[in-house]
Amino acid sequence: MLINRRVLSATLLAGAAASLAAPVGAVAASPPPKARNVVLVHGLFADGSCWSEVIARLQAAGLNATSVQNPLTTLPDAVAAAERVLARQDGPTVLVGHSFSGMIVTEAGLHPNVSALVYVAARAPDAAEDYAALAKTFPTPPATAGIVFDGDEGRLTEVAFLRDFAGDVPAAKARVLYAVQQPFNRALLTGRTTRAAWRSKPSFYAVSTEDRTINPDLERFMASRMGARTIEVKASHLSMISHPADITTLILEAARAQGARSDGPGSNPQPRKDDLL
């Protein structure tokens, strides 16, 4: 069928008008890529192998996982070690921290490769906050009494490690973990974060309800304050070893988080159904 020249001209003009009417930000509003990388950081009394159970599950899900060997010397040293690993990632990355390394996640989480933060029974201070002073506003957990020092090197006694740190890990496995415990330098405990990545990045928190190393109510307070998507796991401080499936599920959820948060701390954003496993 032949098209009348007048009709063709009108059609072209209508198309041009529709293009001009389209919002300028339409392309920019497209969701960013989902994270395919996960960087995990260990805390005190441990080394990078504490993430092994979680790493195997992340790899099975098709994600690239890297465990940082935290030097446990000073906070700036620990942050620098994490940032070097983050710089090697090829795109959006979930940054995960356990216990003390929540300090590292909070500081290093503003790295441009980081798309989301996951705290596993972890410290989550605000910028320049005195975490020790914050912790003292809650009952002191039993593991604190088990910390001993050889000069400036601190560690947990075997009794405290087995009972208060790895309480729900099978005894034989817990003794192996105790054998590879890495001492930390006293100076590490004096560091303060200079910024709080959780104020601008999507954040997720796994509370260990049976924790005897960090008070569970302190964990709940920090998770609520940052507005984190929060789960509670009936676990000791080492939930990533005793309940690796739960922790992996939370990390995978964080990997599906899209973009920077716009809701602000304290709103506890909930994921869309299509963002879940």
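What you see is a predicted model, and the numbers here were worked out from it, not measured in a lab. (Residues numbered from 1 in each chain as written. Predicted model: local features only at pLDDT ≥ 70, side-chain atom pairs only at ≥ 80, totals over all residues. Heavy atoms only, no water.)

1. Examining the packing of helix 6 (residues 158-165) against helix 7 (residues 171-179)
Part 1: Where helix 6 meets helix 7, the axes come as close as 10 Å, and the angle between the chain directions of the two elements is 130°. On the basis of their axis angle, the class for helix 6 and helix 7 is oblique. Of the two elements, helix 6 crosses helix 7, and the hand of that crossing is right-handed. Only Ala-174, Arg-175, Leu-177 and Tyr-178 of helix 7 make contact with helix 6, whose side of the interface consists of Glu-158, Phe-161 and Leu-162.
Part 2: In terms of residue class, the contact of helix 6 with helix 7 is built from five nonpolar, no polar and two charged. (Axes fitted to C-alpha atoms, helices over the stretch in contact; angles between N-to-C directions. Helix = DSSP H or I, 4+ residues; strand = E, 2+ residues; numbered from the N terminus. Parallel < 35°, antiparallel > 145°, perpendicular 65-115°, else oblique. Left-handed = near helix turned anticlockwise from the far one by under 90°. Contact = heavy atoms within 4.5 Å. Nonpolar A, V, L, I, M, F, W, Y, C, P; charged D, E, K, R; others polar.)

2. Quick word on empty space enclosed by the protein
Part 1: One pass over the full model with this rule turns up one cavity of 30 Å³ or more.
Part 2: Here the largest cavity defines a volume of roughly 60 Å³.
Part 3: If you trace the largest cavity, you find it lined by Phe-45, Ala-46, Asp-47, Ser-49, Cys-50, Phe-161, Phe-165, Leu-177, Val-180, Leu-238 and Ile-241. (1 Å grid on protein atoms, 1.4 Å probe; cavity = no way out; pocket = protein on both sides within 12 Å on 5 of 7 lines; lining within 4 Å. Points joined across faces, edges and corners; volume = space filled by probe spheres on them.)

3. Notes on the side chain of Asp-47
Part 1: Mapped onto the elements of the fold, Asp-47 is located in the loop between strand 1 (37-41) and helix 2 (52-60).
Part 2: Comment: no salt bridge for buried Asp-47; closest opposite-charge side chain is Lys-173, at 12 Å.
Part 3: Polar side-chain contacts of Asp-47 include one of 2.5 Å to the side chain of Ser-49.
Part 4: When neighbours within four sequence positions are excluded, Asp-47 is seen to be in contact with His-42, Gln-69, Val-180 and Gln-182. (Buried < 20%, exposed > 50% of the residue type's maximum accessible area, 1.4 Å probe, protein only. Lys, Arg positive; Asp, Glu negative; His and termini not counted. Salt bridge = Lys/Arg side-chain N within 4 Å of Asp/Glu carboxyl O. Polar contact = N/O pair within 3.5 Å; in protein donor to acceptor, adjacent residues only side chain to side chain.)

4. As for the confidence of the model for the protein chain
Part 1: Across the protein chain, pLDDT averages 86, with 81% of residues at or above 70.
Part 2: Below a pLDDT of 50 lies the segment residues 1-33, which in the model reaches six contacts outside its immediate sequence neighbourhood of four places, other chains included.
Part 3: Counting contacts from residues 266-277, a segment whose pLDDT is below 50, to residues more than four positions away or on other chains yields 26 contacts. (pLDDT = per-residue confidence, 0-100.)

5. A short note on the layout of surface pockets
The gaps left among the atoms become clear once a water-sized probe is rolled over them.
Part 1: Of the voids in this model, the largest pocket is the one considered here, and its volume is about 650 Å³.
Part 2: Lining the largest pocket are 28 residues, and of these Arg-123, Tyr-131, Ala-132, Ala-135 and Thr-144 sit closest to its centre.
Part 3: With three residues, helix 5 (residues 131-135) is the single largest residue contributor to the lining of the largest pocket.
Part 4: The residue inventory of the lining of the largest pocket, partitioned by class, reads 16 nonpolar, eight polar and four charged.

6. Points about helix 8 (residues 216-225)
Part 1: Residues of helix 8 that are buried: Pro-216, Leu-218, Glu-219, Met-222 and Ala-223. Taken end-on, helix 8 shows its buried residues confined to a sector of 155°, consistent with a single buried face.
Part 2: Packing partners of the buried residues in helix 8 comprise helix 5, strand 8 (203-208) and strand 9 (229-233).
Part 3: For helix 8, the side-chain oxygen to backbone nitrogen distance between the N-cap and Asp-217 is 2.7 Å, and the N-cap itself is Asn-215.
Part 4: Of the residues trailing helix 8, Gly-227 is marked for its positive phi of about 70°. (Arc of directions from axis to C-beta.)

7. What to know about the sheet that holds strand 9
Part 1: Read across the open sheet, the six strands follow the order 2-1-3-4-8-9; overall the sheet is parallel. Pairing within the sheet leaves two strands with one partner each, and these edge strands are strand 2 (64-68) and strand 9. Mean inter-strand twist for the sheet, computed between neighbouring axes without regard to direction, equals 15°.
Part 2: The pairing of strand 1 with strand 2 spans five bridges and is parallel. Considered in strand 2, the bridge of Asn-37 is made with Asn-64.
Part 3: The strands touched by helix 2 are strand 1 and strand 2; relative to strand 1, the strand with the most contacts, the crossing angle is about 180°.
Part 4: The strands that helix 8 touches are strand 8 and strand 9; relative to strand 8, the one it contacts most, it runs at about 165°. (Pairing = 2+ DSSP bridges.)

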